[in-house]
Amino acid sequence: MDLRSFGIDSDLLSTLHEMLDMSEEFSDKTHNNPSRAYVRDARAIAATPADVKEYPNSYVFIIDMPGIKAGEIKVQVEDNDVLVVSGERRRDKDKEHKEGVKYLKMERRVGKFMRKFTLPENANTEKISAVAQDGVLAVTVEKLPPPEPKKAKTIEVKIA
């Protein structure tokens, strides 16, 4: 497509492209614009759908992870109450370099993914398990046992 027919000069486009590709260290930090890292993380979070279930003794976080190996998924607890599931989905570069192979359509998402979940107060962060099966990750966080109700304390009344 020749953009000159729309009155857009290719030098202008290349200059705009260079401006957009400037590294973050040269950008003006006085503006309230979000950083590239923030935008990248926000996109990664938005593109990772999840279901959360509560059972009598646990919480289960179910996240679709098609085509991702279990070793490429990282499950962590931050600040003692935030469950973080992250990783990166990559294209198989070896298969792409075969001669004569080209993409006609690319719809599957690649790149980093991440989800953060604030855990309830009764979540036991010491008892977390994660299982990946058939492209679905299930993270189970056991609940802490409910606190025992305080027994009424009987105080003996003495006669003065």
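(A) Representation of the overall build of the chain in the model. When you go through the chain residue by residue, the secondary structure sums to three helices and seven strands. Ordered by position in the sequence, the α and β elements of the chain form the string α-α-β-β-β-β-α-β-β-β. Counting over 160 residues, the chain shows a buried share of 19%. Across the chain, every contact between residues at least 6 apart in sequence was considered, and the portion connecting residues at least 24 apart equals 53%. Accessible area of the chain: about 13,600 Å², with a carbon and sulfur share of 52%.

(B) Structural context of unusual backbone geometry. A positive phi is found at Asn80, a non-glycine position, where the angle reads about 65°. For Asn80, the location among the structural elements is in the loop between β3 (73–78) and β4 (82–89). Within the chain, Asp134 stands out as a residue other than glycine whose phi angle is a positive 55°. Take Asp134: it is sitting in the loop between β6 (123–133) and β7 (136–143).

(C) Here's a closer look at the pattern of salt bridges. Under the defined criterion, the tally for this structure stands at two salt bridges. Of the charged contacts in the structure, one is a salt bridge between Glu78 and Lys116, with a shortest N-O distance of 3.8 Å. Taken as a pair, Glu78 in strand β3 and Lys116 in strand β5 (residues 111–118) lie far apart in primary sequence, 38 residues in all. Glu78 gets classed as partly exposed once you look at its relative accessible area, which sits at 30%. What makes Lys116 partly exposed here is its relative accessible area of 42%.

(D) Seen up close, the nonpolar core. Phe61, Met65, Ile73, Leu83, Val85, Val139 and Val141 are the most contacted members of the largest nonpolar core, which totals 15 residues. When residues of this core are traced back to their parent elements, those giving at least two are β2 (58–64), β4, β5 and β7. Not counting residues within four places of it along the chain, the set of residues in contact with Val139 comprises Tyr59, Val60, Phe61, Val75, Leu83, Val85, Ile128, Ser129 and Ala130.

Analysis parameters
- Residues numbered from 1 in each chain as written.
- Predicted model: local features only at pLDDT ≥ 70, side-chain atom pairs only at ≥ 80, totals over all residues.
- Heavy atoms only, no water.
- Helix = DSSP H or I, 4+ residues; strand = E, 2+ residues; numbered from the N terminus.
- Buried < 20%, exposed > 50% of the residue type's maximum accessible area, 1.4 Å probe, protein only.
- Contact = heavy atoms within 4.5 Å.
- Areas by Shrake-Rupley, 256 points an atom, 1.4 Å probe, with all protein chains shown as cover.
- Salt bridge = Lys/Arg side-chain N within 4 Å of Asp/Glu carboxyl O.
- Core = buried A, V, L, I, M, F, W, Y, C linked by side-chain atoms within 4.5 Å.

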